[in-house]
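What follows is the residue order along each chain.
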Amino acid sequence: MDYNKLANMLFPNINKTISYYENEVFPKRNLKEGAKVTRLAPSPTGFIHLGNLYGAFVDERLAHQSDGVFMLRIEDTDEKRKVEGAVETIITSLKFFDLNFDEGALIDGENGDYGPYYQSNRAEIYQCVAKYLIEQGRAYPCFCTEEELEDIRREQEAEGVNTGYYGKWAKYRNATIEEIQEHLDNGESFVVRFKSNGTEEGKFEIDDAIRGRLEIHENYQDVVILKTNGIPTYHFAHVVDDHLMRVTHVVRGEEWLSTLPIHYELFKTIGWDTPIYCHTAHLMKMDNGSKRKLSKRKDPELGLGYYMELGYHPAAVREYLMTILNSDFEEWRIANPEGNIEEFEFTLNKMSNSGALFDLDKLNNISKDVLLKIPVEEIYVFLLNWSKEHKPEIVNILENNRESVIKLLSIGRNDNKPRKDLMYCEQIFEFISYFFDEYFSIVDNYPENIDGAEAKKLLQKYLNTYNHSDDQSQWFDKIRTISSENGYAAKPKDYKKNPDMYKGHVGDVSTVIRIALVGRSVSPDVWEIQQIMGKEKVLERLKKVIN
RNA sequence: GGCCCUAUGGUCAAGCGGUUAAGACACCGCCCUUUCACGGCGAUAACCCGGGUUCGAGUCCCGGUAGGGUCACCA
């Protein structure tokens, strides 16, 4: 068989050689020793979930910790799945989480010397490598129709053998050049298949930077490397691109473990070294009592958009992700509470091999701490920007009350034991919404021991003695006085000792006042809230309840 | 079903042949306290099962079991 002839029959217009690309177009990168080159390679379906972000962090940390390169390559080899605007979503989402690419695809165009970074624009490169494999007798055209492949599969299932295109089932593996010519003359379209030399029994070993040494079966399938449209399948694109883009570490989900043999054989056959593989565990979700992999379709609530909508701060999400990414991060954080997250040395071998369940409680807890470290003015800006995107009806309120909002968010923040009230924007606004008349309403009930008439009586007394310029202790002394004059213990401890002697204690009286002012039985310090509200609003709210 | 990966409290996890089996979150209790939050203290709670190897196994080996993944001209 004249393979060169076959190659030219199939790809008459491909004249470049692999060495041309290797030496002239994509030469080895000039990076310092140990620099890692990583890539995020999403398909443009327009949806990114937490799991993608999780993987992206690994790529980013690896690259930027080593003065390497972090790039974005768009795997748009499947037209059917392409979604308009998806690339923009990917880039802006990742940027939101402070993941910035050094090279690769941009929203409009691209940047870097190893492009094109859209796989759909690299057809010539893939075809060149495919042509080389054909010349070597290690790839061939296949003219099977979908129906034929379906028939093969059914037969294999009936026989109880492994499904796939291999061995005696590989109809075109040994086709003669004349037979091929005939199909071509008929105008039939073809795919290019890799001619595997592996066996079903064969095994080999390979190291994975996360999982350690892996013993895996050889590939024995003649997989499709170029589709009828001349665009590669993932397997081929991965091998060609990651080699020519000089990627050193391939970080991807563990779902790729099962096709690793294909990639390995392709690398070896072309004569290239394999990159260092890093197969990450999946982020899982609880579904009907059992864990499962995050799914784009089923789990929109785990999409990045969901967290952006609720208004989680990117730093909080990053911090959370880091705790599940590296097992010793939390210890490091406890030892370095003020340290920048980039100072933490991320390592692959401390990554877990088993899938972690996403834990919202933990995220919330971490978020409280993270937000506490962010200056309140910045939180205000963050909240405002969030509202513009996700809650436009409150934009004016926030803009017109900048000073008040900042003060409200600051209550108790600078104490020795600071309050940690803030978690995410949706919750933050809810937390201060009572301040705005449009959102204020009385939602909680008075304590059980106080009825409406009693509450009004107490509020009237409070109103009578109210002096807006009282300092905090003067103010509270008055409440104690009102309490004891009306049959309530001025100190809760007194009440606990002799509950029969009192109607309640000062806490109950405070609660009545708090409800009148903020509508709820729970809030930060009432005196501070009053000072922020101003005298007019305080009196207005009190009178509203009394009358 | 074949092949592959994984398996420590409710969750995330330390552990690398000898430990009273860390820590964090959640939950519960107590303290602090005008509510809540914060903080402090404390409690409950785990090595999937069965065989080996070994003086000794969560740790190594083999078999189950369970969960997950994958078996496309999708990535």
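Residues numbered from 1 in each chain as written. Chains lettered and ligands numbered in written order. Predicted model: local features only at pLDDT ≥ 70, side-chain atom pairs only at ≥ 80, totals over all residues. Heavy atoms only, no water.

### Some details on the protein's contact with RNA strand B
- Taken together, 60 residues are adjacent to RNA strand B, and Glu75, Thr77, Arg211, Arg419 and Ser523 come closest.
- Counting only the atoms of RNA strand B within 4 Å of the protein, the fraction contributed by sugar and phosphate is 71%.
- In this structure, Lys420 approaches RNA strand B through a side-chain N or O atom, which is 2.9 Å from a phosphate oxygen.
- Within the contact set of RNA strand B, a sugar or linking oxygen lies 3.2 Å away from a backbone nitrogen or oxygen of Ser521.
- The set of elements that each furnish at least two residues to the surface near RNA strand B consists of strand E6 (191–194), strand E13 (290–293), helix H12 (329–335), strand E14 (356–357), helix H13 (360–373), helix H19 (472–485), helix H20 (492–497) and helix H21 (506–518).
- Grouping the amino acids of the surface near RNA strand B by side-chain chemistry returns 17 nonpolar, 18 polar and 25 charged. (Near = heavy atom within 4 Å. Polar contact = N/O pair within 3.5 Å; in protein donor to acceptor, adjacent residues only side chain to side chain. Helix = DSSP H or I, 4+ residues; strand = E, 2+ residues; numbered from the N terminus. Nonpolar A, V, L, I, M, F, W, Y, C, P; charged D, E, K, R; others polar.)

### Structural notes on the confidence of the model for chain A
- Looking at chain A, pLDDT values average 91 and 97% of them are 70 or higher.
- Here the complex is predicted with pTM 0.89, and the ipTM for its interfaces comes to 0.91. (pLDDT = per-residue confidence, 0-100.)

### Quick notes on the domain arrangement of chain A
- Here chain A is described as being made up of domain 1 (3–15 + 123–280), domain 2 (289–373), domain 3 (376–435) and domain 4 (452–546).
- Summarising the inter-unit geometry, the C-alpha centres of domain 3 and domain 4 are found 26 Å apart.
- Between domain 3 and domain 4, the contact holds 11 residues from the first and 10 residues from the second.
- For the pairing of domain 3 and domain 4, the buried interface totals around 990 Å² over both sides, and the portion due to carbon and sulfur atoms is 64%.
- It is Ile411, Tyr434 and Phe435 that lose the most area in domain 3 upon contact with domain 4, and together they represent 66% of the buried surface on that side.
- Taken together, domain 3 and domain 4 are joined by one salt bridge.
- For Arg520, the salt bridge goes to Glu430, with nearest N and O atoms at 3.8 Å.
- Seen at the junction of domain 3 and domain 4, the total is five residue pairs in polar contact (both at pLDDT 80 or more).
- Mapped onto the side of domain 3 that touches domain 4, the elements with two or more residues apiece are helix H16 (402–410) and helix H17 (425–432).
- The dominant element in the side of domain 3 that touches domain 4, judged by the number of residues it contributes, is H16, at three residues.
- Partitioned by chemical class, the residues of the side of domain 3 that touches domain 4 number five nonpolar, two polar and four charged. (Domains from an automatic or database assignment. Contact = heavy atoms within 4.5 Å. Buried area = accessible area lost by both parts, 1.4 Å probe. Salt bridge = Lys/Arg side-chain N within 4 Å of Asp/Glu carboxyl O.)

### Examining the sheet that holds E6
- Pairing within the open sheet is antiparallel, and its three strands lie in the order E5-E6-E9. Looking at strand neighbours, the two that pair on one side only are strand E5 (139–142) and strand E9 (224–226), the edges of this open sheet. Strand-to-strand twist in this sheet, taken as the mean axis angle between neighbours without regard to direction, amounts to 45°.
- By the bridge criterion, two bridges tie E6 to E9 in an arrangement that is antiparallel. Opposite Arg193, over in E9, you have Val224 as the bridge partner. (Pairing = 2+ DSSP bridges. Axes fitted to C-alpha atoms, helices over the stretch in contact; angles between N-to-C directions.)

### Focus: the state of the cysteines
- Evaluation of the coordinates by the stated rule reveals zero disulfides.
- Here Cys142 is not disulfide-linked; the sulfur of Cys144 is the nearest cysteine sulfur, at 3.9 Å. (Disulfide = S-S within 2.5 Å.)

### A word on the environment of Ile334
- With respect to the helices and strands, Ile334 occurs in helix H12.
- Residue classification places Ile334 among the exposed positions, given a relative accessible area of 71%. (Buried < 20%, exposed > 50% of the residue type's maximum accessible area, 1.4 Å probe, protein only.)

### Some words on H13
- With 14 residues, H13 ought to run about 20 Å at 1.5 Å a step, and its terminal C-alpha atoms sit 20 Å apart, in line with that.
- Every buried residue of H13 is accounted for by Leu363, Asn364, Ile366, Ser367, Val370 and Leu371.
- Structurally, H13 contributes buried residues whose contacts are with helix H10 (304–310), helix H11 (314–325), helix H14 (376–390) and H17.
- Near the N-terminus of H13, the side chain that reaches the backbone nitrogen of Asp361, with its oxygen 3.1 Å away, is that of Asp359. (Expected span 1.5 Å × (residues − 1).)

### Some points on the packing of helix H5 (residues 123–135) against helix H8 (residues 234–244)
- Two elements in contact, H5 and H8, have axes separated by 10 Å at closest approach and are oriented at 105°. On the basis of their axis angle, the class for H5 and H8 is roughly perpendicular. Where H5 approaches H8, its residues Ile125, Tyr126, Val129, Ala130 and Leu133 are matched on the opposing element by Phe236, Ala237, Val240, Asp241 and Leu244.
- Across the contact of H5 with H8, the residue classes break down as nine nonpolar, no polar and one charged. (Parallel < 35°, antiparallel > 145°, perpendicular 65-115°, else oblique.)

### Description of the packing of aromatic side chains
- The full count for this structure, using the stated rule, is 23 aromatic pairs.
- Both rings, one in Tyr166 and one in Tyr220, keep their centres 5.0 Å apart while their planes meet at 85°; by these two values the pair is edge-to-face. You can see Tyr166 sitting in the loop between helix H6 (146–159) and helix H7 (177–185) and its partner Tyr220 sitting in the loop between strand E8 (212–217) and E9, a full 54 residues away along the chain.
- The class of Tyr220 is buried, set by a relative accessible area of 18%.
- Plain terms: the ring middles of Phe429 and Phe436 are 6.0 Å apart, the flat faces sit at 10° to each other, and that makes the pair stacked.
- Looking at Phe429, the relative accessible area reads 4%, which means it is buried. (Phe/Tyr/Trp six-rings, centres within 6.5 Å; stacked < 30°, edge-to-face > 60°.)

### Some words on the pairing of strand E10 (residues 249–253)
- Here E10 lies mainly inside the structure; five of its five residues are buried.
- Note that E10 and strand E11 (residues 276–280) share five bridges and pair parallel. Residue pairing in the sheet places Arg252 in a bridge with His279 of E11.
- Taken together, E10, helix H9 (residues 260–270) and E11 constitute a β-α-β crossover, and its handedness is right-handed. (Right-handed = clockwise from strand over helix to strand, strands pointing away.)

### Let's talk about the nonpolar core
- Counting 163 residues, the largest nonpolar core has Leu50, Leu53, Ile225, Phe236 and Phe346 as the members making the most contacts within it.
- When residues of this core are assigned to their parent elements, the largest contribution, eight residues, is made by helix H3 (residues 50–65).
- Those residues in contact with Ile225 that sit more than four places away from it in its chain are Ala130, Leu133, Ala139, Val192, Arg193, Phe194, Ile231, Pro232, Thr233, Phe236 and Leu266. (Core = buried A, V, L, I, M, F, W, Y, C linked by side-chain atoms within 4.5 Å.)

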